[in-house]
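Here are the chains, one letter per residue:
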Amino acid sequence: MTESPIGVFDSGIGGLSVLQALQSALPAEHFVYWADSGHAPYGEKSDVFVRQRSLAIAQHLIERHHIKALVVACNTATAAAIHELRTQYPQLPLIGVEPALKPAIALSRTQRIGVIGTRGTLGSDKFHRLLSSLDGQAEFIVQPCNGLALAIEESTHISASASSEKITALLRGYTGQMGAFGRGPGQIDTLVLGCTHYVFAQNELQTLLGTDVQLVSTGEPVARQTRRLLEAAAQLRSGPAPIAASARMQLLTNGELSGLQAAAQRWLHLPHAACHKADPHV
Ligand code: DGL
């Protein structure tokens, strides 16, 4: 099993932000990434739908790709399905993602923290339990961003400037409803990116909110946790030397292949040959 790949999935290209962190934290590992772009966005679909997709993808990655661990690189799928995945696959090292509220408390000076994510994540019981567990430690200003993951998903099909304009317009509307951002008293000085797609809108966010505002994402902690679980299960691959990223990455999509290729090239510097059409029956 040590030689087997690690499975990673998301509703689309957002989880590539987690894959970036995984590949640098685990340079000897092989990865198979499933972009469920044919069914994106998850954040505006029902929990039942997202759970069914997550279980089908997990089953496929286990049976066909013989993965030794699974990273759910999607906050929405984690909220909807991590419990069922754990129940179904109790032996499999399984890592989910959730909005990084605790790290944000440690970073914030004003203790006013913004949280953006999908409607599915921010409306979930799992997220509400997390918020309640931190009651009194900071003030959280929570804002679902309908349409933002989709705009990022579609950014690979249009020019960089047109997509950036569209993303900025959406962000301006949503962050404008949250209050003042900055380091001054009463201002939001820390913004949690509660959706893996939003990492790819960091430049737009930083331009809009100013560089004083800290953005908090989850890729690195997730990569560290994956490493810990693999070590504990004695499944960590200790390759002779780090292998070129393109030789240890297999990226699959049931959406437009060219979209995944463009994203993988733009953000992970992977050649188009690393990307393939996924089995359409999953
Ligand atoms: N990237 C996902 C997340 O982290 C889902 C975005 C979507 O498909 O709505 O929540």
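Because the structure is predicted, anything quoted here is derived from the model rather than measured.

(A) Broad picture of the overall build of the protein. Secondary structure assignment for the protein yields 11 helices and 10 strands. The C-alpha radius of gyration of the protein comes to 18 Å, within 12% of the 19 Å expected for a compact globule of 282 residues. The principal-axis extent of the C-alpha atoms belonging to the protein is close to 50 × 40 × 40 Å. Counting across all 282 residues of the protein, residues that qualify as buried make up 54%. Residue pairs at least 24 apart in sequence account for 77% of intrachain contacts in the protein once pairs closer than 6 positions are excluded. Split by element, the accessible area of the protein, about 12100 Å² in all, is 50% carbon and sulfur. Seen as two clouds, the 22 positive and the 22 negative side-chain charges of the protein have centres 3 Å apart.

(B) Looking closely at the packing of aromatic side chains. Evaluation of the coordinates by the stated rule reveals one aromatic pair. When the centroid spacing of 3.6 Å and the interplanar angle of 10° are considered together, the rings of F200 and W267 count as stacked. Within this pair, whereas F200 is found in the loop between β7 (190-194) and α9 (202-209), its partner W267 is found in helix α11 (residues 257-268), the two being separated by 67 residues in sequence.

(C) How the structure looks around the site of the ligand. Among the 13 residues in the neighbourhood of the ligand, the closest are listed as S11, Y42, G43, T76 and H197. Within the backbone of Y42, an N or O atom sits 2.6 Å from an oxygen atom of the ligand. Here an oxygen atom of the ligand sits 2.9 Å away from a polar atom, N or O, in the main chain of T196. Taken by itself the ligand offers 300 Å² of open surface, and the protein chains cover 99% of this. Residues belonging to the shell around the ligand are distributed by class as follows: five nonpolar, seven polar and one charged.

Conventions adopted
- Here, residues in each chain are numbered from 1, in the same order as that chain's written sequence.
- pLDDT decides what is reported in this predicted model: residues at 70 or higher carry local features, side-chain atom pairs at 80 or more are listed and counted, and totals for whole chains, interfaces and linings draw on all residues regardless.
- Computation of side-chain values covers all heavy atoms of the structure but excludes hydrogens and water.
- A run of DSSP states H or I qualifies as a helix once it reaches four residues; a run of E qualifies as a strand once it reaches two. Both are numbered from the N-terminal end.
- Only C-alpha atoms enter the radius of gyration, while the globule expectation follows 2.2 Å times N to the 0.38, with N the number of residues.
- Only protein chains enter the accessibility calculation, which uses a 1.4 Å probe; a residue whose area is less than 20% of its type maximum is buried, one above 50% is exposed, and one in between is partly exposed.
- Residue contacts are counted whenever heavy atoms from the two residues lie within 4.5 Å of one another.
- Accessibility throughout is a Shrake-Rupley quantity obtained with a 1.4 Å probe, and a residue counts as covered only by protein chains that appear here.
- Note on charges: Lys and Arg go in the positive column, Asp and Glu in the negative column, and His and the chain ends are not counted at all.
- In this description, the location of a charge corresponds to atom NZ of lysine, CZ of arginine, CG of aspartate or CD of glutamate.
- Put simply, two rings from Phe, Tyr or Trp (the six-membered ring, in Trp's case) pair if the centres are within 6.5 Å, and we call them stacked under 30 degrees between planes, edge-to-face over 60, tilted for the rest.
- When we say a residue is near a molecule or strand, we mean one of its heavy atoms is within 4 Å of it.
- In protein, a polar contact means a hydrogen-donor-capable atom and an acceptor-capable atom, both N or O and within 3.5 Å, with residues adjacent in sequence counting only if both atoms are side-chain atoms; elsewhere, any N or O pair within 3.5 Å suffices.
- Polarity classes work like this: nonpolar for Ala, Val, Leu, Ile, Met, Phe, Trp, Tyr, Cys and Pro, charged for Asp, Glu, Lys and Arg, and polar for all others, with Gly in that last group.

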